[in-house]
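Each chain is listed here by its residues.
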Amino acid sequence: MAELNPIGKRIHNISPDPVKLTLEDGTDAVFHVSGAEFFQQEFQAEGTREGDEGAAYRFVSSEDQASILVGRKGPDEEGWSMIGEVVAAESADSE
């Protein structure tokens, strides 16, 4: 059996406590993640981002399970938009 995505594992282990995520473009943000789970190798979770009231976020593993992708849906938006790939995850309390 292949290994679980290490960033997905980290998010899963930290949540429901706040998680500081770094995206591939260098953006750092604190997320409150809920429902983080693995289905076999596939990771998925939902959450909110501090400072982005009303928006919903989804975290899913890529098709090849190599990365964790983030989607955002604003309060007035009908669909989801991809905002990037997570490159690091740590406890927001560790700052």
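Structure shown above.
Residues numbered from 1 in each chain as written. Predicted model: local features only at pLDDT ≥ 70, side-chain atom pairs only at ≥ 80, totals over all residues. Heavy atoms only, no water.

> Is there a simple way to think about the packing of aromatic side chains in this case?
Aromatic ring pairs: the centre-centre distance and the angle between the two ring planes describe each pair. Counted under the stated rule, the structure contains three aromatic pairs. Ring centres 5.2 Å apart and planes at 55° place the aromatic pair Phe38 and Phe43 in the tilted group. Among the residues examined, Phe43 registers a relative accessible area of 2% and is labelled buried. (Phe/Tyr/Trp six-rings, centres within 6.5 Å; stacked < 30°, edge-to-face > 60°. Buried < 20%, exposed > 50% of the residue type's maximum accessible area, 1.4 Å probe, protein only.)

> Can you walk me through unusual backbone geometry in this structure?
Glycine aside, the phi torsion of most residues is negative, and most peptide linkages are trans. Of the consecutive residues Ser15 and Pro16, the connecting peptide bond is found in the cis state with omega at 15°. Mapped onto the fold, Pro16 is located in the loop between α1 (6–14) and β1 (19–23). Phi at Gln40 is positive, roughly 60°, even though this residue is not glycine. We classify Gln40 as exposed; its relative accessible area is 70%. (Helix = DSSP H or I, 4+ residues; strand = E, 2+ residues; numbered from the N terminus.)

> In this structure, what is going on with the sheet that holds strand β5 (residues 68–73)? I would like to understand it.
Sheet strands associate in pairs through backbone hydrogen bonding, adopting either a parallel or an antiparallel arrangement. The strand order around the closed barrel built from six strands is β1-β2-β3-β4-β5-β6, with neighbouring strands paired in antiparallel fashion. Ignoring which end each strand starts from, the neighbouring axes of this sheet average 45° apart. With six bridges joining them, strand β4 (residues 56–61) and β5 adopt antiparallel strand pairing. Of the residues in β5, the one forming a bridge with Val60 is Leu69. Along the sheet, α1 contacts β1, β2 (28–39), β3 (42–49), β5 and β6 (81–91); its crossing angle with β6, the most-contacted strand, is approximately 65°. (Pairing = 2+ DSSP bridges. Axes fitted to C-alpha atoms, helices over the stretch in contact; angles between N-to-C directions. Contact = heavy atoms within 4.5 Å.)

> Can you help me understand α1 in this one?
Since the α-helix advances by 3.6 residues per turn, residues separated by three or four positions end up pointing in the same direction. Burial in α1 covers these residues: Ile7, Gly8, Ile11 and Ile14. Looking down the long axis of α1, one finds its buried residues gathered within 135° of arc, a one-sided arrangement. Opposite the buried face of α1, by more than 90 degrees, sit the exposed residues Pro6 and Asn13. Buried residues belonging to α1 abut β1, β2, β3, β5 and β6. The residue sitting at the N-terminus of α1 and contributing the capping side-chain oxygen is Asn5; that oxygen lies 2.8 Å from the backbone nitrogen of Ile7. (Arc of directions from axis to C-beta. Polar contact = N/O pair within 3.5 Å; in protein donor to acceptor, adjacent residues only side chain to side chain.)

> I'm lost on the nonpolar core in this one. Help?
Across soluble globular proteins, nonpolar side chains show a tendency to be buried alongside one another. If you look at the biggest cluster of nonpolar residues, it comprises 19 residues, and the most contacted ones within it are Ile11, Leu21, Val33 and Phe59. When contributions to this core are tallied by element, the ones reaching two or more residues are α1, β1, β2, β3, β4, β5 and β6. Among the elements that line this core, the one with the most residues is β2, at four residues. Look past the residues within four positions of Phe59 in its chain and what remains in contact with it is Leu21, Phe31, Val33, Phe43, Gln44, Ala45, Glu46, Gly47, Ile68, Leu69 and Val70. (Core = buried A, V, L, I, M, F, W, Y, C linked by side-chain atoms within 4.5 Å.)

> Mind showing me how you'd approach the pairing of β2 here?
Successive residues of a regular strand alternate their side chains across the two faces of the sheet. Direction of pairing for β1 relative to β2: antiparallel, over a ladder of four bridges. Bridging across to β2, Lys20 finds its partner in Val30. Remark: four residues form the turn of the hairpin made by β1 and β2, two consecutive strands paired antiparallel; Gly26 in that turn has positive phi of roughly 95°. Pairing of β2 with β3 involves seven bridges; the strand directions are antiparallel. What sits directly across from Ser34, in β3, is Glu46. Adjacent in sequence and paired antiparallel, β2 and β3 are bridged by two residues, among which Gln40 carries a positive phi angle near 60°.

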